[in-house]
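Structural characterization, general
Below, each chain spelled out in residue letters.
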Amino acid sequence: MPVPEIDYGTPAVSSDRTVTLTVDGEKIAVPEGTSIMRAAMQRGVVIPRLCATDSLAAFGSCRLCLVEIGGRAGTLASCTTPVAEGMVVHTETERLRRLRRGVMELYASDHPREWLSDPKLAGNELFQMAAAVGLREIRYPEDVTTHLAKPKDESNPYFTFDPARCIVCSRCVRACAEIQGTYALTVAGRGFASRIVASEDDGFLASECVSCGACVQACPTSALVEKSVIEQGMPEHSVVTTCAYCGVGCSFKAEIKGEQVVRMVPWKEGQANHGHSCVKGRFAWGYALHPDRILEPMVRARITDPWCKVSWEEAIAHAAAELKRIQAAYGRSAVGGITSSRCTNEETFLVQKLVRAAFGNNNVDTCARVCHSPTGYGLKTTFGTSAGTQDFDSVDHADVIIVMGANPTDGHPVFASRMKRRLQDGAKLIVIDPRCIDLVRTPHVEAAFHLPLRPGTNVAMLNALAHVVVTEGLEDEAFIEERCDPEAYAEWRAFVAGPHNSPEVVEPFTTVPAALVRQAARLYATGGNGAIYYGLGVTEHSQGSTAVMALANLAMATGNIGRPGVGVNPLRGQNNVQGSCDMGSFPHELSGYRHISETATRRIFEERWGVTLDPEPGLRIPNMFDAALEGSFKGLYIQGEDIVQSDPDTRHVTAGLSAMECVIVQDLFLNETAQFAHVFLPGSSFLEKDGTFTNAERRIQLVRRVVAPRARYADWEATVLLSNALGYPMHYGHASEIMAEIAATTPTFAGVSFAKLERLGSVQWPCNDAAPAGTPVMHIGKFVRGQGQFVVTEYLPTEEKVGPHFPLLLTTGRILSQYNVGTQTRRTPNSLWHEEDRLEIHPHDAEERGIRDGEWVRLESRAGATALRALITERVAPGVVYTTFHHPDTQTNVVTTEYSDWATNCPEYKVTAVQVSPANGPSEWQQSYRALGECARRIAEPAPAK
Amino acid sequence: MSPEKLTRMANEIARFFASKPEEKAIAGTADHLRRFWDPRMRRQILAHLEAGGAGLEPIARAALLRLRETDSVAAC
């Protein structure tokens, strides 16, 4: 059976006052302002409706929800009529039945007649309402003018629009506006000629539609319907699970027919997404069924050999033997592991346990190394814990929002929609970004200030903002006095008030007019609740950790911490970046961010695991490659990461991997890293396993197994097999048992269990005796570290500088339709929107170089060169170029350098000095790399049976 | 790992702590190296220090001298 969802017809209303009314003889008490429709539904009285749904404001167009009210003449729409004290409502009378049947008959007369008996449409509301009002026949002739001959719009790869089934109720138009905030849909024409169109009647694919699916979900008639439903029919049952794309962590109902997933529908009760979705989570899950999936383990002696398919037992035995051999030959510290932010908490916990307990060292790291490790360092130093301070709902209470180094409409689209709603309701926006991201100016949203700083000057900009705050007396002195370390504050205040931090002094290198900076600082400091949201444009710099601390300084100085509507919030890139960090994936930290040198912490694990732990930090990912090249690191187990494509300075990465003697890759596909592997273990998709993900707001949510693992084992089970083969037995029958171990060893997770998550839907850590239901907002009343710690954040320019050979600055990012290195999304129709990486270049820079839009250009840095097509746009400033890293054919990271954050070694992806010049096609590197890929992915045919 | 790379990394850490009074800057840099660098990296930079420590800036150099005295793992 599908997981049930109740549609109350109109949104919930909150009010201190309660109104009592009578509906069909039953007394009901509801908050003032509630609609009659919703009040009735709360008593289980379903009033027929078509244009109403509780995710949208009432509209009152379908005239099906009419009711009679005692003492009032006529019939009223129950969706738009609010309750009143003492009101007496009748929802079923002969007059109402006649009216509703007449309305439905009119709708049906302009509909394909077969719809009444089409089993594929049994779930749609028009079908259900026809039954509800007792419509059995249509008296009107079929040979009159109708909309039935209108052609379908099948341009979108995921859904179809059939105007013949449309009743122009505007639910799709309103969903696009109210939920998604894109305003791509409208009603064109008047009267009988009214019809739904996308943009300027461009068709869905070519329009501004972002394929979030909100319109499809809202459509009551299946005029908008998933192609998978048309092909496979209506699903029969469903399982609620968590999306495996970005750090928003949307809840979905995986709807299934037999053993086939038919569609993913956002779960209304989802506490992160509240029923909304984006094109990736909603539609781009087909990679899990893609023929490229590798479903059998494989091994090979050398990376130049073809792969040989083997049994799981053979692969695991071979991997374990190789790791043991390497440790015997080169020492205990010659091997390590990399956990994945795409895998579950339980899986990452097990990989770090494998490394620490079975390998006997701390050479474990996670892909957060290359994205949000500075967040961990910066927020732990200033606030005391390595995580964002708020829940997503907090944005509803924000008055001024700073978005810095993030592009939420592309990277975190569901949260971006939420933010846009708040901005439309009056909050002010400050965007600090070198690019003119969509939020700067998008329908019904316009930033109060866009500070288009030059890449690499984040810390100077943040210091300048703080300078204005303290020199103009805009601090929240009461907050600082009560909550923060006075000595550290005095030191910081003296520093930041220095003239070298003034907007006027930093303007020459940030390139942002000082007046703008001053106005933005005043707005943030005095505009009410100030909330900061930031992304990798803050962290992926040589001063990434410094910038995070500068953001924290700014929030503390203005008292914007410790209540709803404020805070410092990292927008995490991958689905479980927060969780992979929480789980002790860093080489210096055990779960819960406790340093490996702490004897008491080690003892907790030593007693439970029955081993002695190494108290020394292990190698971080970039250090692993260096150690491999010098000969002290020879074996690596990589679960669910594609470091060859995602990590900087590709040639250095591949050289490091090539120097290793045993690389074990566990993944869904033969990814780029697998070209350098000796053992391949098939991975399991999020649909194939149980576990938990933790999103950017510290929300722990269940991932539920929807179908059986296609390659026999969930990823955590493969880790158990490897550990057992290494002689360190692990005994887990279910992922919930791993979570029980996490809770038993990690104070911030002490109250977490699968049973509680089933009961509450989710919890946000810390979840323990002090906060049994979790902690939506942190640092209320007191910082986790006690007093807030201001930190002096001197601006130090990166050593990566432009010059005559490399005069432009390259910064990288991602796009809505693709995800990270594209391993998943490139194997879906999402590539229709973004089939290749393009280099954004300003018209002036393009003209200087004789580059025309769409032509091949060579992109070269001191690290390497690649080639891609140019996209000429004013989104980037002169002197700055931008591209994505979704496609291995481009290998953007062959250009990025080894420079990294001083504290964490997070790579400086966002600042690379480059030159751009016209090219005839792919570079030499790309051609040789493509040839290498073809060779390295060969799979030997099994010998014919004798 | 090359001495040049380790030297650059150590200098970058030292530059962050350089805004503090000298003693705190040296202690902060040494502590950071101790808490975040794998022992083989610490051994290599200390070996570089022993060899003259070319390129090391004053706070980084002082921090490594402190590390050499207190870090038994790296010093061995």
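Predicted, not measured: the structure shown is a model, and the values here were computed from it. (Residues numbered from 1 in each chain as written. Chains lettered and ligands numbered in written order. Predicted model: local features only at pLDDT ≥ 70, side-chain atom pairs only at ≥ 80, totals over all residues.)

Turning our eyes to something else, we now look at the interface of chain A and chain B. Facing the 19 residues of chain A at the interface are 14 residues of chain B. In terms of residues, the side of chain A that touches chain B owes the most to one element, helix 22 (residues 621–630) of chain A, which gives four residues. Split into classes, the residues belonging to the side of chain A that touches chain B amount to seven nonpolar, eight polar and four charged. (Contact = placed C-beta atoms within 7 Å. Helix = DSSP H or I, 4+ residues; strand = E, 2+ residues; numbered from the N terminus. Nonpolar A, V, L, I, M, F, W, Y, C, P; charged D, E, K, R; others polar.)

Let us look at the nonpolar core. Soluble globular proteins tend to pack their nonpolar side chains together in the buried interior. Residues and elements named next belong to chain A. Among the nonpolar cores identified, the biggest contains 282 residues, and Leu465, Leu551 and Ile664 are the most heavily contacted of them. Excluding residues that lie within four positions of it along the chain, Leu465 makes contacts with Val517, Ala520, Ala521 and Leu554. In terms of nonpolar packing, the next biggest core, distinct from the first, is built from 26 residues, Ala846, Val880, Ala913 and Val916 among them. (Core = buried A, V, L, I, M, F, W, Y, C linked by C-beta atoms within 7 Å. Buried ≥ 20, exposed ≤ 12 C-beta atoms within 10 Å, placed from the backbone.)

If a residue is not glycine, its phi is most likely negative; likewise, a peptide bond is most likely trans. Residues and elements named next belong to chain A. For the bond from Trp765 to Pro766, the omega torsion is 0°, close enough to zero to count as cis. You can see Pro766 is positioned in the loop between strand 31 (762–764) and strand 32 (808–813). Non-glycine residue Tyr183 carries a positive phi angle of around 60°. Along the chain, the position of Tyr183 falls in the loop between helix 4 (171–180) and strand 7 (185–188).

This paragraph deals with the domain arrangement of chain A. All names here are of chain A. Assigned domains within chain A: domain 1 (18–132), domain 2 (159–289), domain 3 (298–371 + 576–746), domain 4 (391–570) and domain 5 (808–935). Taking only C-alpha atoms, the centre of domain 3 and the centre of domain 5 are 29 Å apart. If you look at the interface, domain 3 gives 18 residues, while domain 5 gives 20 residues. Per-element accounting of the side of domain 3 that touches domain 5 gives the leading share, three residues, to helix 24 (residues 650–658). The residue makeup of the side of domain 3 that touches domain 5, split by class, is four nonpolar, seven polar and seven charged. (Domains from an automatic or database assignment.)

What follows is about the pairing of strand 36 (residues 880–884) of chain A. Residues and elements named next belong to chain A. Burial analysis of strand 36 places five of its five residues in the buried class, which makes it a mostly covered element. Where burial is concerned, the two faces of strand 36 agree: the one with Val880, Tyr882 and Thr884 and the one with Val881 and Thr883 are both buried. Sheet topology note: the strand 32/strand 36 ladder contains five bridges and is parallel. For Gly813, the partnering residue across the bridge sits in strand 36 and is Thr884. (Pairing = 2+ DSSP bridges.)

Residue and element names in this part refer to chain A. Orientation of helix 10 (residues 373–382) relative to helix 19 (residues 544–557), taken along the N-to-C sense of each, is 40°, at an axis distance of 8 Å. Judged by the inter-axis angle, helix 10 sits oblique to helix 19. Like other packed secondary-structure pairs, helix 10 and helix 19 cross with a definite hand, here right-handed. Contacts between helix 10 and helix 19 involve Pro374, Thr375, Tyr377, Gly378, Leu379, Thr381 and Thr382 from the first element and Gly544, Ser545, Val548, Met549 and Ala552 from the second. Tallied by class, the residues present in the contact of helix 10 with helix 19 amount to six nonpolar, six polar and no charged. (Axes fitted to C-alpha atoms, helices over the stretch in contact; angles between N-to-C directions. Parallel < 35°, antiparallel > 145°, perpendicular 65-115°, else oblique. Left-handed = near helix turned anticlockwise from the far one by under 90°.)

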